Amino acid sequence: MSITIKTPEQITILREAGKHHARILNELEKMVVPGVTAIELDAIAEEKVRAIGAEPSFLHYQPDHTYPLYPASLCVSINEEIVHGIPTAEMIVKDGDIVSIDLGLKYKGMFTDSARTVIVGNTSKEKKQLVYDTREALMRGIEAAQVGNTVGDIGYAIESFNNKRYGNVRELSGHGVGLAVHEDPYVPNYGKKGSGAKLKPGMVLAIEPMFNLGASDVVFHDDGYTVSTRDGMVSAHVEHTVLITEQGPEILTEL
Ligand code: MG
Ligand code: MG
């Protein structure tokens, strides 16, 4: 598949979808408190998505035929879980946790993707800094998403901001988005300046750094989805859907 350029009509819908997405994540974030279960968060996410006439795009998603259907609307990844945690009733949020909530929307036929990592209550200084730095890395990656730059420039910006302070996950990456949950190109969180596809106006990318407090090695779980750190150290993950424009990157999934 080649990289798609969105039409002005599609961009109008994506802008609208992104605002809804940001508002839903803002509301969900406030519900990530000690005692809440991942399955409760998932149910609330689904309800909020359907309330705006959208569909949860992760529900029953299948990256390819080797995967089971994803059974939820939200990915909830707690502490050492990096991404794609399947919400269950046994996953109970505790004081001191860091919790990634990742949501996909399908709104008027168009797809947006965004994630936050929430710091719950009293967390260690190191874990907080990990979350702040992962958020900053996302902003550095977005700043690099300029017309004429390449996908490699985004990864380079993220990796150089990391500067070997954290494990930088290499098995998972950002991606094109907008007409489907996942589109070309892959947007890795590492890269060489000037390498990979050139960025053009109308491209839409999900940029999503994942930094680990320990090493970068990951474990893929038997459930087919959950990915966690091999060493059991905590991980943070944040994501925005970003439109490439002549005037610079436009974050769609923020208010
Ligand atoms: Mg996502
Ligand atoms: Mg994504």
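Refer to the preceding data block for the structure.
All figures in this text were calculated on a predicted structure; none of them were measured in a lab.

Scoring rules and cut-offs
- Residues numbered from 1 in each chain as written.
- Chains lettered and ligands numbered in written order.
- Predicted model: local features only at pLDDT ≥ 70, side-chain atom pairs only at ≥ 80, totals over all residues.
- Heavy atoms only, no water.
- Pairing = 2+ DSSP bridges.
- Helix = DSSP H or I, 4+ residues; strand = E, 2+ residues; numbered from the N terminus.
- Axes fitted to C-alpha atoms, helices over the stretch in contact; angles between N-to-C directions.
- Donors = N, O, S within 2.8 Å, 3.2 Å for Na, K, Ca; no water.
- Buried < 20%, exposed > 50% of the residue type's maximum accessible area, 1.4 Å probe, protein only.
- Contact = heavy atoms within 4.5 Å.
- Phe/Tyr/Trp six-rings, centres within 6.5 Å; stacked < 30°, edge-to-face > 60°.
- Lys NZ or Arg CZ within 6 Å of the ring centre and 35° of its normal.

The next subject is the sheet that holds strand 12 (residues 227–229). Read from one edge to the other, the open sheet built from three strands follows the order 3-12-11, with strand pairing classed as antiparallel. Every interior strand has two partners, whereas the edge strands, strand 3 (81–83) and strand 11 (218–220), have only one. Taken over all neighbouring pairs, the strand axes of this sheet differ in orientation by 40 degrees on average, direction set aside. Bridging between strand 3 and strand 12 involves two bridges; their strand directions are antiparallel. Its bridge partner being in strand 12, Val 83 is matched across the sheet by Val 227.

Here the focus is the coordination of the magnesium ion (ligand 1). Protein-derived coordination of the magnesium ion (ligand 1) comes from Asp 102 (OD), Asp 102 (OD), Asp 113 (OD) and Glu 239 (OE), at a distance range of 2.0 to 2.5 Å. Separating the magnesium ion (ligand 1) from the magnesium ion (ligand 2) is a gap of 3.2 Å, bridged by Asp 113, which donates to each. Here Asp 102, found in strand 4 (residues 98–107), pairs with Asp 113, found in strand 5 (residues 110–119); they are 11 residues apart in sequence, far enough to count as distant. Each member of the pair Asp 102 and Asp 113 is classed as buried.

Those donors, Asp 113 (OD), His 175 (NE2), Glu 208 (OE) and Glu 239 (OE), are the protein atoms that reach the magnesium ion (ligand 2), and they lie 2.1 to 2.2 Å from it. In the primary sequence, the donor residues of the magnesium ion (ligand 2) line up as D-x61-H-x32-E-x30-E.

This part covers the sheet that holds strand 14 (residues 240–245). Backbone hydrogen bonds are what pair the strands of a sheet, in a parallel or an antiparallel way. Strand order in the open sheet formed by five strands is 8-7-9-14-15, with antiparallel pairing between adjacent strands. Every other strand in the sheet has two partners, leaving strand 8 (183–187) and strand 15 (248–251) as the edge strands with one partner each. The sheet shows a mean angle of 30 degrees between the axes of neighbouring strands, taken without regard to direction. Examined bridge by bridge, strand 14 and strand 15 share four bridges and lie antiparallel to one another. Across the sheet, residue Leu 243 finds its bridge partner in strand 15, namely Glu 250. The strands touched by helix 4 (residues 151–162) are strand 8 and strand 9 (204–207); relative to strand 8, the strand with the most contacts, the crossing angle is about 35 degrees.

Let us look at the packing of aromatic side chains. Counted according to the given criterion, the structure contains three aromatic pairs. Residues Tyr 70 and Tyr 225 carry aromatic rings whose centres are separated by 4.9 Å and whose planes lie at 80 degrees to one another, so their mutual orientation is edge-to-face. One end of the pair, Tyr 70, is in the loop between strand 1 (55–56) and strand 2 (74–78); the other, Tyr 225, is in the loop between strand 11 and strand 12, with 155 residues separating them in the sequence. Take Tyr 70: its relative accessible area is 3%, and that puts it in the buried class. When the centroid spacing of 5.9 Å and the interplanar angle of 20 degrees are considered together, the rings of Tyr 166 and Phe 211 count as stacked. Residue Tyr 166 is found in the loop between helix 4 and strand 6 (167–168), and its partner Phe 211 is found in strand 10 (residues 210–212); the two are separated by 45 residues along the sequence. Residue Tyr 166 is classed as buried on the basis of its relative accessible area of 12%. Here Phe 211 falls in the buried class, since its relative accessible area comes to 0%. Here the aromatic residues Tyr 67, Tyr 70 and Tyr 225 are joined through ring pairs into a cluster of three or more. Taking the ring centre of Phe 161 as reference, the NZ or CZ of Arg 165 above it sits at 4.8 Å. Over the ring of Tyr 190 we find Arg 170, and its NZ or CZ is 3.7 Å from the ring centre.

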